[in-house]
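Structural characterization, general
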Amino acid sequence: MERRFYQRIPVQVSAMVTTGDGVCIKVVVIDVSRGGLSVECNITQRNMLTPGGSFVRDGRPVSVFVELNLSNDDESLSKIVARCHVVFSRRMSSDQCKIGLRYADIENNGHEQLARLIAESLKTQV
């Protein structure tokens, strides 16, 4: 059973995902939380990230690097760079997939930036 400990905030931003083999893939981030994010991509991109949809390789979760820019309330951008583990890969339609990523390590002050952006977003939703 999948458990979510952090509230997800819907977004629609481009991101670059780099595989362990150094392949860079442009995807769309559809939500973020303090624990991870979800991306949408096509089948070809999914197969590059998670061959055949499998998110475990050699008994370990597939690991990727994600780089994205999130907008702050003041229109500035916060760059988030994180190493993530793939936690799920789902086919949503004939050519669209959703991949869930959990942060394993976020560079610099990325955790603080995410927490601030999510808190700001939650305030505006009330």
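Preceding this paragraph is the structure being described.
Since this is a predicted model, take the numbers as computed values, not measurements.

If you tally the helices and strands in the protein, you get 2 helices and 8 strands. Secondary structure elements of the protein, listed N to C terminal, follow the sequence β-β-β-α-β-β-β-β-β-α. Rg of the C-alpha trace for the protein: 14 Å, near the compact-globule value of 14 Å for 126 residues, within the 12% margin. Overall size of the protein, expressed as C-alpha extent along the three principal axes, is 40 × 30 × 25 Å. If you take every contact in the protein between residues at least 6 apart in sequence, the share linking residues at least 24 apart comes to 50%. Here the protein has roughly 7,500 Å² of accessible surface; of this, 47% comes from carbon and sulfur atoms. Placing the 16 positive and 14 negative side-chain charges of the protein at their respective mean positions leaves the two points 7 Å apart.

Covered by surrounding structure in strand β6 (residues 63–71) are Val64, Val66, Leu68 and Leu70 only, the residues Ser63, Phe65, Glu67, Asn69 and Ser71 on the alternate face being uncovered. The sheet contact formed by strand β1 (residues 9–19) and β6 spans 5 bridges and is antiparallel. Looking at β6, one finds that Thr18 is bridged to Phe65. Across 9 bridges, β6 lies against strand β7 (residues 77–91) in antiparallel orientation. Within β7, the residue paired with Val64 across the bridge is Cys84. The hairpin turn running from β6 into β7, its antiparallel successor, is 5 residues long, and Glu75 in that turn takes a positive phi close to 70 degrees.

With that settled, the discussion passes to the environment of Glu67. Within the secondary structure, Glu67 is located in strand β6. Expressed as a C-alpha distance, the spacing of Glu67 and Leu114, which sit 47 residues apart in the sequence, is 13 Å. A distance of 3.1 Å separates polar atoms of two side chains, one belonging to Glu67 and the other to Lys79.

Turning next to the sheet that holds β6. Pairing is antiparallel around the closed barrel formed by 6 strands, whose spatial order is β1-β2-β3-β8-β7-β6. If you compare each strand with its neighbour and ignore which way they point, the axes differ by 45 degrees on average. By the bridge criterion, 7 bridges tie strand β3 (residues 36–42) to strand β8 (residues 96–106) in an arrangement that is antiparallel. Bridge pairing in β8 places Cys41 opposite Cys97.

Rules and cut-offs
Residues numbered from 1 in each chain as written. Predicted model: local features only at pLDDT ≥ 70, side-chain atom pairs only at ≥ 80, totals over all residues. Heavy atoms only, no water. Helix = DSSP H or I, 4+ residues; strand = E, 2+ residues; numbered from the N terminus. Rg over C-alpha atoms; globule rule 2.2 N^0.38 Å. Contact = heavy atoms within 4.5 Å. Areas by Shrake-Rupley, 256 points an atom, 1.4 Å probe, with all protein chains shown as cover. Lys, Arg positive; Asp, Glu negative; His and termini not counted. Charge placed at Lys NZ, Arg CZ, Asp CG, Glu CD. Buried < 20%, exposed > 50% of the residue type's maximum accessible area, 1.4 Å probe, protein only. Pairing = 2+ DSSP bridges. Polar contact = N/O pair within 3.5 Å; in protein donor to acceptor, adjacent residues only side chain to side chain. Axes fitted to C-alpha atoms, helices over the stretch in contact; angles between N-to-C directions.

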